[in-house]
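# Fold and contact review
The residues making up each chain are set out below.
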Amino acid sequence: MNEFSPSKILKSLPTQFFATLVSKVEKVKAEGHDVINLGQGNPDQPTPPHIVKALQEAAEKPVNHKYSPFRGFPYLKEAIADFYKREFGVSVDPNKEVAVLFGGKAGLVEIPQCILDPGDVVLVPDPGYPDYWSGIALAQANMKMMPLKEENRFLPDFNALSPDVSEKAKLMFLNYPNNPTGATANVEFFHDTVTFAKQHNICVVHDFAYGAIGFEGKKPVSFLQAEGAKDVGIEIYTLSKTYNMAGWRVAFAIGNRSIIEHINLIQDHLYVSLFGAVQEAACAALLQSQDCVDKLVSMYESRRNTFINGLQEIGWDVDAPQGSFFAWLKVPYGYTSESFADLLLTKAHVAVAPGIGFGNNGEGFVRVGLLTSEERLKEAVERISKLELFSSSHKC
Ligand SMILES: Cc1ncc(COP(=O)(O)O)c(C=O)c1O
């Protein structure tokens with residue numbers, strides 16, 4: 001059999017750091033240990049039944065057995081526009097300012113191909129969601145990191161960027177509520193972002209994957225709520241987290257019409273559109289009762305409180321996240337993010353994601369996904385408390 005070598009571009013893709021984590025977890029499990037896996041970001045709850053039912057009914061309709069219209073059914077784009085008006089008070093033209101996506105990840109990887117040429121500069125949050133890097137590598141563009149520092153509440157400081165970088169940058173990724181830090185942004189920050197983007201002619205892509213998950217009654221802010229946001233950018237909203245639909249692959253881009261047109265154009269070449277029944281089910285999710293979302297957010301908040309309070313009680317100096325379903329925990333003195341994650345996995349059988357996997361500024365932290373029951377989270381705290389580090393007088 002011939003062995004065909006991958007293209008240069010394929011070889012330039014970043015290594016999948018989290019594949020290593022998965023194999024480490026599998027190894028410990030294979031040794032017979034019961035691992036509490038808090039290392040990944042896969043929602044643990046099922047899709048609400050009314051959405052599943054909408055899919056089942058729609059799957060029986062012959063219209064959905066054909067190719068769907070290239071850019072998605074108009075009813076879905078209208079539902080998206082209604083959802084944004086209802087949830088965020090933002091008005092958009094469903095025909096020109098909405099693009100249907102095969103999950104947020106697909107959109108995030110497509111955008112660099114749409115507007116960048118080889119060598120162009122992209123501003124990327126560090127730490128940040130690693131899939132931004134993949135699209136940038138495929139476009140042969142260059143990343144410039146925007147450090148997210150604890151002292152700035154994990155928001156980038158645009159003034160700290162070198163004038164040369166700001167001038168060259170064509171695209172910027174942002175993400176609040178933030179993966180991995182759990183930080184949130186307010187509308188003032190987005191106003192400053194719009195001002196900076198206008199000044200330097202930068203396209204802003206706000207990844208709003210955790211747009212429904214804000215704690216203590218604080219609803220996350222949409223980038224499009226900032227005046228002028230549509231002039232400079234778009235937002236990517238996925239149904240994966242809000243409605244536990246990660247396996248369904250449905251999301252959308254919303255905002256600046258030139259970017260929306262470019263996304264639609266590249267997708268005309270790559271795909272037809274989503275299975276019509278998924279489009280009908282997405283409408284049911286966006287337009288029917290949102291009680292399931294309220295319940296989900298309360299559940300994450302309760303898990304957050306249980307876990308963070310538990311860790312504070314055993315002497316670990318940690319802060320509670322403001323949104324998303326992640327907690328971002330400073331590692332104890334003397335450890336790197338990777339050596340501490342290894343210690344938790346091998347000695348406590350608790351898997352967490354080392355911060356370095358999200359960028360150099362993730363060093364010194366681990367990310368915990370609150371994606372298991374409160375009982376299991378309590379048990380994780382219990383196991384961690386038994387580590388010598390926490391059980392002796394040597395508290396961190
Ligand atoms: C920050 C962030 N953006 C985007 C995504 C992608 O979501 P999906 O492709 O399921 O829409 C995720 C998923 O984990 C995420 O954490």
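Just so it is clear, the structure is predicted and the values come from calculations on it, not from any experiment.

Each value, and the rule that gives it
- Residues numbered from 1 in each chain as written.
- Predicted model: local features only at pLDDT ≥ 70, side-chain atom pairs only at ≥ 80, totals over all residues.
- Heavy atoms only, no water.
- Salt bridge = Lys/Arg side-chain N within 4 Å of Asp/Glu carboxyl O.
- Helix = DSSP H or I, 4+ residues; strand = E, 2+ residues; numbered from the N terminus.
- Buried < 20%, exposed > 50% of the residue type's maximum accessible area, 1.4 Å probe, protein only.
- 1 Å grid on protein atoms, 1.4 Å probe; cavity = no way out; pocket = protein on both sides within 12 Å on 5 of 7 lines; lining within 4 Å.
- Points joined across faces, edges and corners; volume = space filled by probe spheres on them.
- Nonpolar A, V, L, I, M, F, W, Y, C, P; charged D, E, K, R; others polar.
- Phe/Tyr/Trp six-rings, centres within 6.5 Å; stacked < 30°, edge-to-face > 60°.
- Core = buried A, V, L, I, M, F, W, Y, C linked by side-chain atoms within 4.5 Å.
- Contact = heavy atoms within 4.5 Å.
- Pairing = 2+ DSSP bridges.
- Axes fitted to C-alpha atoms, helices over the stretch in contact; angles between N-to-C directions.
- Near = heavy atom within 4 Å.
- Polar contact = N/O pair within 3.5 Å; in protein donor to acceptor, adjacent residues only side chain to side chain.
- Sits in = over half its atoms within 2 Å of the grid points.

Going through the model one piece at a time under the given rule, you end up with 24 salt bridges. E26 serves as the salt-bridge partner of K29, at 3.8 Å between the closest nitrogen and oxygen. Here K29 pairs with E26, and both are found in helix 2 (residues 17–30), just three residues apart, close to one helical turn. E31 serves as the salt-bridge partner of K27, at 3.8 Å between the closest nitrogen and oxygen. Overall, K27 belongs to the exposed group, its relative accessible area being 55%. Taking relative accessible area as the criterion, E31 reaches 48% and is therefore assigned partly exposed. A cluster of three or more residues bridged by salt bridges with shared partners is formed by D34, R376, E379 and R383.

For the largest pocket, the calculated volume is near 690 Å³. Looking at the largest pocket, it is lined by 30 residues, and the ones nearest its centre are G41, K105, Y129, D131 and K241. Put simply, the parts of the chain that give the lining of the largest pocket at least two residues each are helix 2, helix 5 (104–115), strand 7 (233–238) and helix 10 (239–242). The residue inventory of the lining of the largest pocket, partitioned by class, reads 14 nonpolar, ten polar and six charged. Its boundaries defined by the atoms lining it, the second largest pocket holds a volume of some 360 Å³.

What follows deals with the packing of aromatic side chains. Within the structure shown, the criterion is met by 29 aromatic pairs. Ring centres 5.3 Å apart and planes at 50 degrees place the aromatic pair F88 and F208 in the tilted group. Of the two residues, F88 sits in helix 4 (residues 74–88) while F208 sits in the loop between strand 6 (203–207) and helix 9 (229–232), which places them 120 residues apart along the sequence. Pairwise contacts between aromatic rings join F83, Y84, F88, F208, Y237 and F252 into one cluster.

The next subject is the nonpolar core. In this structure, Y84, L123, L239, Y243 and F252 are the most contacted members of the largest nonpolar core, which totals 82 residues. Not counting the four nearest positions on each side in its chain, L239 is found in contact with N244, M245, V250, A251, F252, A282, A285 and L286. Judged by nonpolar contacts, the second largest core, of 28 residues, contains W316, V381, I384 and L387.

What follows covers the sheet that holds strand 2 (residues 98–101). Reading across the sheet, the seven strands line up as 2-8-7-6-5-3-4 and stay open at both edges, with mixed pairing between neighbours. Of all strands in the sheet, those with a lone pairing partner are strand 2 and strand 4 (142–147), marking the two edges. Each neighbouring strand pair of the sheet contributes to a mean axis angle of 20 degrees, computed without reference to strand direction.

We now examine the site of the ligand. In the neighbourhood of the ligand, 14 residues make up the surrounding shell, with G104, D207, T238, S240 and K241 lying closest. At 2.7 Å, a side-chain N or O of Y210 approaches an oxygen atom of the ligand. S240 places a polar side-chain atom, nitrogen or oxygen, 2.6 Å from an oxygen atom of the ligand. A molecule is said to occupy a pocket when more than half its atoms come within 2 Å of that pocket's grid points, and by this definition the ligand occupies the largest pocket. For the shell around the ligand, the elements supplying multiple residues, two or more each, are helix 5 and helix 10. Considering every element that reaches the shell around the ligand, the biggest residue donor is helix 5, with three residues. The residue makeup of the shell around the ligand, split by class, is four nonpolar, six polar and four charged.

None of this, on its own, says anything about what the molecule does.
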